[in-house]
Amino acid sequence: MAEPPRRARALFLAGVAAAYLAAFTSLYVQVPGLYGRDGILPARRVLRLSGKGLWEQLRDFPTLLWLGPSLGLDTELGMELLCLLGVLCSFGALLLEPLRDSLVFALLWVLYLSLYQVGQVFLYFQWDSLLLEAGFLAVLVAPLHLLSGGAPAWRPHDGVTFWLVRWLLFRLMFASGVVKLTSRCPTWWGLTALTYHYETQCIPTPAAWFAHQLPVWFQKLSVVATYVIEVAVPVLFFAPIRRLRLFAFYSQVLLQVLIILTGNYNFFNMLTIVLASSLLDEEHVGRSTGRSKRRNTGSWPPSLGSFLSVLLELSTYSLLLYWSIQYFGMEINWEKRLLESKVAFTYHEFTTWLRVVTLPLVGLAFLSLSWEILAAMYRCACVRGCFWKLWATLQWVIFATAAVGVFAISLVPFTYIEQESNGQLWPGIHQAFGAVQRLQLVNSYGLFRRMTGVGGRPEVVLEGSYDGQSWTEIEFMYKPGNVSRAPPVVAPHQPRLDWQMWFAALGHHSSSPWFSSFVHRLLQGQEDVIRLVQVDGSRYPFSARPPVYIRAQLYKYWFTSSAEGSHSWWRRQWVQEFFPAVSLGDPTLENLLNQHGLKDKTPSRRPLAAVLPRVLRWLRQLCRPVPGPTIIWSLYLVVATACLLRALRRRRRGGAPPTRHKGPRRGEPADRGGAEKNGHVRRREPQERGESRACGGTEGCGDGRGDGRGDGRHGTKRKK
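What counts and what doesn't
- Residues numbered from 1 in each chain as written.
- Predicted model: local features only at pLDDT ≥ 70, side-chain atom pairs only at ≥ 80, totals over all residues.
- Heavy atoms only, no water.
- Helix = DSSP H or I, 4+ residues; strand = E, 2+ residues; numbered from the N terminus.
- Buried < 20%, exposed > 50% of the residue type's maximum accessible area, 1.4 Å probe, protein only.
- Areas by Shrake-Rupley, 256 points an atom, 1.4 Å probe, with all protein chains shown as cover.
- Patch = residues over 30% accessible without salt bridge, like charges linked within 9 Å, V, L, I, M, F, W, Y side chains within 5 Å.
- Salt bridge = Lys/Arg side-chain N within 4 Å of Asp/Glu carboxyl O.
- Lys, Arg positive; Asp, Glu negative; His and termini not counted.
- Charge placed at Lys NZ, Arg CZ, Asp CG, Glu CD.
- Contact = heavy atoms within 4.5 Å.
- Polar contact = N/O pair within 3.5 Å; in protein donor to acceptor, adjacent residues only side chain to side chain.
- pLDDT = per-residue confidence, 0-100.
- Pairing = 2+ DSSP bridges.
- Axes fitted to C-alpha atoms, helices over the stretch in contact; angles between N-to-C directions.
- Parallel < 35°, antiparallel > 145°, perpendicular 65-115°, else oblique.
- Left-handed = near helix turned anticlockwise from the far one by under 90°.
- Nonpolar A, V, L, I, M, F, W, Y, C, P; charged D, E, K, R; others polar.
- Phe/Tyr/Trp six-rings, centres within 6.5 Å; stacked < 30°, edge-to-face > 60°.
- Lys NZ or Arg CZ within 6 Å of the ring centre and 35° of its normal.

**Regarding the overall build of the protein**
No. 1: Across its full length, the protein holds 27 helices and eight strands.
No. 2: Residue burial in the protein is summarised as follows: out of 720 residues, 51% are buried.
No. 3: In the form shown here, the protein has an accessible surface area of approximately 34,400 Å², with 61% of it arising from carbon and sulfur atoms.

**Things to note about a positive patch on the surface**
No. 1: The grouping of Arg646, Arg649, Arg650 and Arg653 at the surface amounts to a positive patch.
No. 2: Within the secondary structure, Arg646 sits in helix H26 (residues 628-652).

**Here we look at the environment of Trp167**
No. 1: Take Trp167: it is sitting in helix H8 (residues 158-182).
No. 2: Setting aside its immediate chain neighbours within four residues, Trp167 contacts Phe238, Ala365, Phe407, Ser410, Leu411 and Phe414.

**Concerning a nonpolar patch on the surface**
No. 1: On the surface, Leu103, Leu144, Leu146 and Leu147 cluster together into a nonpolar patch covering about 360 Å² of accessible area.
No. 2: Relative to the elements of secondary structure, Leu103 occurs in helix H5 (residues 102-118).
No. 3: What makes Leu103 partly exposed here is its relative accessible area of 39%.

**Focus: the side chain of Asp498**
No. 1: Locating Asp498 in the fold gives a position in helix H21 (residues 496-504).
No. 2: No salt bridge is formed by the buried Asp498; the nearest opposite charge belongs to Arg485, separated by 6.7 Å.
No. 3: Here Lys479 takes part through its backbone nitrogen, which lies 3.1 Å from a polar atom of the side chain of Asp498.
No. 4: Aside from chain neighbours lying at most four places away, what touches Asp498 is Cys202, Ile203, Phe476, Tyr478, Lys479 and Leu532.

**Thoughts on the confidence of the model for the protein**
Detail in the predicted coordinates should be disregarded across regions flagged by low pLDDT.
No. 1: Per-residue pLDDT for the protein averages 86, and the proportion of residues at 70 or more is 86%.
No. 2: Ignoring residues within four places in sequence, the model shows residues 657-666, a span with pLDDT below 50, making ten contacts including any to other chains.
No. 3: Every residue in residues 671-720 scores below 50 in pLDDT, and together they form 71 contacts with partners more than four places removed in sequence or on other chains.

**Some points on the pairing of strand S3 (residues 457-465)**
No. 1: In terms of residue burial, S3 counts as a mostly covered element, since nine of its nine residues are buried.
No. 2: Where burial is concerned, the two faces of S3 agree: the one with Arg457, Glu459, Val461, Glu463 and Ser465 and the one with Pro458, Val460, Leu462 and Gly464 are both buried.
No. 3: By the bridge criterion, nine bridges tie S3 to strand S5 (residues 549-559) in an arrangement that is antiparallel. Opposite Ser465, over in S5, you have Tyr549 as the bridge partner.
No. 4: Across three bridges, S3 lies against strand S4 (residues 472-474) in antiparallel orientation. Directly across from Leu462, in S4, lies its bridge partner Ile474.
No. 5: Between S3 and the antiparallel strand that follows it, S4, lie six residues; Gly468 among them carries a positive phi value of about 80°.

**With respect to the packing of helix H17 (residues 347-381) against helix H18 (residues 386-414)**
In a pair of packed helices, the angle between the axes and the distance between the axes together describe the arrangement.
No. 1: Two elements in contact, H17 and H18, have axes separated by 10 Å at closest approach and are oriented at 170°. Of the possible angle classes, the one that applies to H17 and H18 is roughly antiparallel. Each of Thr358, Val362, Ala365, Phe366, Leu369, Ile373, Ala376, Met377, Cys380 and Ala381 in H17 lies in contact with H18, whose residues at this interface are Lys389, Ala392, Thr393, Trp396, Ala400, Ala403, Val404, Phe407, Leu411 and Phe414.

**Thoughts on the packing of helix H1 (residues 6-28) against helix H14 (residues 268-276)**
No. 1: Running from N to C, H1 and H14 cross one another at 165°; their axes reach a closest spacing of 9 Å. One element, H1, and the other, H14, form an angle in the roughly antiparallel class. With respect to the hand of their crossing, H1 and H14 are arranged in left-handed fashion. When H1 is examined against H14, the residues Leu11, Phe12, Gly15, Val16, Ala18 and Ala19 are found in contact with a partner set consisting of Met270, Leu271, Val274 and Leu275.
No. 2: Class assignment of the residues belonging to the contact of H1 with H14 gives a composition of nine nonpolar, one polar and no charged.

**Considerations on unusual backbone geometry**
No. 1: In this structure, Pro492 follows Ala491 across a cis peptide bond, with omega equal to 10°.
No. 2: Among the structural elements, Pro492 can be located in the loop between S4 and H21.
No. 3: Positioned with a positive phi, Gln120 is a non-glycine residue whose angle comes to about 55°.
No. 4: Locating Gln120 in the fold gives a position in the loop between H5 and helix H6 (126-141).
No. 5: A residue is classified by how much of its surface remains accessible, and Gln120, at 13% relative accessible area, is buried.
No. 6: The phi dihedral of Leu191 is positive, around 60°, even though this residue is not glycine.
No. 7: Mapped onto the elements, Leu191 comes out in the loop between helix H9 (186-189) and helix H10 (194-200).
No. 8: When its relative accessible area of 0% is taken as the criterion, Leu191 is described as buried.

**With respect to the packing of aromatic side chains**
No. 1: All chains considered together, the criterion is met by 56 aromatic pairs.
No. 2: Plain terms: the ring middles of Phe387 and Trp388 are 5.2 Å apart, the flat faces sit at 75° to each other, and that makes the pair edge-to-face.
No. 3: According to the relative accessible area criterion, Phe387 is exposed, its value standing at 56%.
No. 4: The exposure class of Trp388 is partly exposed, given its relative accessible area of 25%.
No. 5: Ring pairs connect the aromatic residues Trp188, Trp189, Tyr227, Tyr327, Phe328, Phe345, Tyr347, Phe350 and Trp353, which therefore count as one cluster.
No. 6: Cation over ring: Lys479 sits above Phe476, and NZ or CZ is 5.1 Å from the ring centre.
No. 7: The cationic tip of Arg572 hangs over the ring face of Tyr555; the distance from NZ or CZ to the ring centre is 4.2 Å.

Here's what the structure looks like:
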């Protein structure tokens, strides 16, 4: 039975805390402009008092912002308070391991869910749902230190809850690969998607320009690799052979790192890598951190089990390579000296295959979960003491039931990729999913379904004027505008207005009702909204006084080619008018605001007599001139510096002190004869047994009953 992945769990919890830190900090700097009393979509519009009681309001619309009035806070200040609490808790959890507690992650999940409920279109991204689902799993995975005064390093049932992280990663990656083909997007089917992706994604990085210059045959090969990593490799997440799982882990990490280098997708790719930590085992993580125990290399010839394992592993790699060549028509063109590829199957064949494999994949996942549940039950049986054995069994029953329940309701959004399989699910599962849907416990995913901007990247360019004749462009901090400006690097910060501007350019302005409110706020000269465009007021062309007129033009943008020899990053072409020229009081603007319910009377600002609102306003003034990415990376730098100093101090002391308590603690699995720990039976290495016999009972040598580590490195005597 494999050793419990304690370090992998620690990596997951630290990674979720890091993702929370980026999400809360990024949102905090944007709350006034997006959701404030004079913001684009004031959050007070969502929280309308209906005369219901507090518990009824929380049941119908679960958010802690209902408690704001009792603290003397309006909705804007309530959101800022929730963000600051989230920053504080996630920063503490990332910095201090004892704070990576189930209660802390439960608080983080409640805080982000409360913000998500009022976030409207600016917070309805798939990575927001992914963070909520991963955050909920962190509540189940994290230990309960704060109430118990110190929990065991690994509880018998932890393997069951940690398996749910792997299942989430599988649903995310497999669905993202499948939807590219079920969408019938011609660029994905023609393997040309990446020839457009780098320049048409929302906020590319400078590396995206260089990736765009790669030859077409290499871009097609990259699409094939994407299909293999997202559709075929995820099946290996449930493989019984650890090297196959490690291969799957590094495949996912490679894909996410390449996306990070070429695109600004906030904390999404980091969170995906964090989810991939569920594929790691204790030995591999320990070896990476320099804390791994030496494994017995074995003798020659190898055992039958090792031979079959290697044979199965090689067969898997061979099948992946064969199927890639077979289904994507890969062949070498010796005349042109390149590798050609094309999709060698039809849409009907793919949908038929998907219909056949969807439910068997669910069955495979259920078998994997069942194995984890049985392994956890065995670990419970190994717990020392009758009372603690019963207590561990009770926990196993509770958490195994919770894991099966989460797995069951997740089948509903997972089978959205194949509607016939979705219809075959038990109706009770659909009802259970509907009951918890608003809590975002499980979600459906499918990134990059269709490739937009095939004929050129559509981009909305705002222009302002004082006289209606001479127009000046309003340049954003992050999204493309000035063709001579290099693409920025802003991850893990997400400029949510820039992202919505990208979506708005894909259709008519009436499809983005918030855009009318955005124009209205710029005409009013609202500073909080202007800071979403430019934090540095000197870069905003109308910082002295607001423009009298504003209009929006639609352009098509393309990356320049390396062959052009241009010093510009972009080239663009005017397409049409996106939004007509309007001014304050213009009938067109007034009708649009009334039509979308955005023309409401701004409530008067109440005097800040209470202490809490004053503190929040003071903190806001401190952070106002600092861009979001600077704040996030400053917090990360503080954590990295603290961890480095901690490691140096530990190294100066000569390593961690030897553990005084040699026997198992109460509630932990018994160490039977030194060969079993936490329900894990481990064979002693022949060398260890030999040393034990050779040393006999002399001091300084192991007596064969310890934890398998020699004490000679620390010069201490083993206590019996």
